[in-house]
Amino acid sequence: MQTYDLAADGLRGLNEALQAQNAQTNETAWEVVNPRGSHAIAVGLDAPIEVQVNGSTGYYCAGMNQQATVHVKGSVGPGVAENMMSGTVVVEGDASQYAGATGHGGLLVIKGNASSRCGISMKGIDIVVHGNVGHMSAFMAQAGHLVVCGDAGDALGDSIYEAKLFVRGSVKSLGADCIEKEMRPEHLEVLADLLERAGSDAKPEEFRRYGSARQLYNFDIDNAY
């Protein structure tokens, strides 16, 4: 395992070293020590490597991730896994605002709570939050899955497109065009897989599903002048 001391060697050197890895690398395991809340740790990775960050980070940790597995042994600031394309990001603690924003793919696991706008404009990413999410989560969510094992705040799924939302606890309020939907067998199957991959022992049958009423963004001839 490659150990990198962020306090001693700096952020630029870390990201340059990680971004230089490719599919043929034999340096597949990395440990980052002394992160001390630094911003933009392990961003822009594009190789099947594993990066463990021993401590909490600032904003945009693991942003634009492709292929890599990033495991944060702490909490993260705003924008963790922003614009993620593939791979896995696991946060042992809590996440600040807009976790997984605009993510196109991959799996983001938050074992604590997530703040407001979790999954905003998500475009295919799968997000599993073991705790609660804040207001405006999944705002304008286009594709992918948001799984909340706890409670959801105000305006869940506001202006949602075709993402699927699963909430185990209470929902303070639903946003514009977001409604509760039937939980069919295919949804239970997908949910069971996501919970297993995220290390949650919650049962799929304990969740309710929410999604778009498809009234907000569809053209209706009766509304034309």
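This text gives an overview of the structure that appears in the document.

Counting across every chain of the model gives two aromatic pairs. Ring centres 5.4 Å apart and planes at 70° place the aromatic pair Tyr59 and Tyr60 in the edge-to-face group. Residue Tyr60 is classed as partly exposed on the basis of its relative accessible area of 32%. For the ring pair Tyr60 and Tyr98, a centre distance of 6.5 Å and an interplane angle of 40° mean the geometry is tilted. Of the two residues, Tyr60 sits in the loop between strand S3 (50-54) and strand S4 (69-72) while Tyr98 sits in the loop between strand S5 (88-91) and strand S6 (107-110), which places them 38 residues apart along the sequence. Take Tyr98: its relative accessible area is 26%, and that puts it in the partly exposed class. One aromatic cluster in this structure is built from Tyr59, Tyr60 and Tyr98.

On the basis of which strands lie adjacent, the open sheet formed by eleven strands has the order S1-S2-S3-S4-S5-S6-S7-S8-S9-S11-S10 and mixed pairing. Sheet topology places strand S1 (2-5) and strand S10 (178-181) at the edges, where each strand pairs with a single neighbour. Across the sheet, the axes of successive neighbouring strands diverge by a mean angle of 15°, strand direction being ignored. The pairing of S4 with S5 spans four bridges and is parallel. Directly across from Val72, in S5, lies its bridge partner Val91. Here helix H2 (residues 11-19) sits on the sheet in contact with S1, strand S2 (29-33) and S3, set at roughly 170° to S2. Sheet strands touched by helix H3 (residues 185-197): S6, strand S7 (123-129), strand S8 (143-148), strand S9 (164-167) and strand S11 (208-212). Its angle to S8, the strand with the most contacts, is close to 65°.

Where H2 is concerned, the buried positions are Leu14, Asn15 and Leu18. Each buried residue of H2 sits inside an arc of 90° when the element is viewed along its axis, so together they form one side. Packed against the buried residues of H2 are S1, helix H1 (6-9), S2 and S3.

Applying the stated criterion across every chain yields a total of five salt bridges. Between Arg184 and Glu186 there is a salt bridge whose closest N-O contact spans 2.7 Å. The class for Glu186 is partly exposed, based on a relative accessible area of 37%.

To continue, consider the nonpolar core. Burial of nonpolar side chains together is a common tendency in soluble globular proteins. Core analysis: the biggest nonpolar cluster contains 48 residues, and Val51, Val80, Val89, Leu108 and Leu146 have the highest contact counts within it. With near-sequence residues (within four places) excluded, Val51 lies in contact with Leu18, Trp30, Val32, Leu45, Thr69, Val70 and His71. Ranked by size, the runner-up nonpolar core spans 13 residues in total, among them Val128, Phe166, Leu195 and Ala198.

Let us now look at unusual backbone geometry. Although it is not a glycine, Met64 adopts a positive phi angle of roughly 60°. Not every positive phi belongs to a glycine, and Thr102 is a case in point at roughly 60°. Looking at the element boundaries, Thr102 is found in the loop between S5 and S6. Overall, Thr102 belongs to the partly exposed group, its relative accessible area being 22%.

As a further point, take the environment of Val148. Topologically, Val148 is positioned in strand S8. On a C-alpha basis, the gap between Val148 and Arg168 in space is 6.2 Å, while along the polypeptide they are 20 residues apart. The residues contacting Val148, other than those within four sequence positions of it, are Val129, Gly131, Asn132, Val133, Phe166, Val167, Arg168 and Phe207.

The rules behind these values
Residues numbered from 1 in each chain as written. Predicted model: local features only at pLDDT ≥ 70, side-chain atom pairs only at ≥ 80, totals over all residues. Heavy atoms only, no water. Phe/Tyr/Trp six-rings, centres within 6.5 Å; stacked < 30°, edge-to-face > 60°. Buried < 20%, exposed > 50% of the residue type's maximum accessible area, 1.4 Å probe, protein only. Helix = DSSP H or I, 4+ residues; strand = E, 2+ residues; numbered from the N terminus. Pairing = 2+ DSSP bridges. Axes fitted to C-alpha atoms, helices over the stretch in contact; angles between N-to-C directions. Contact = heavy atoms within 4.5 Å. Arc of directions from axis to C-beta. Salt bridge = Lys/Arg side-chain N within 4 Å of Asp/Glu carboxyl O. Core = buried A, V, L, I, M, F, W, Y, C linked by side-chain atoms within 4.5 Å.

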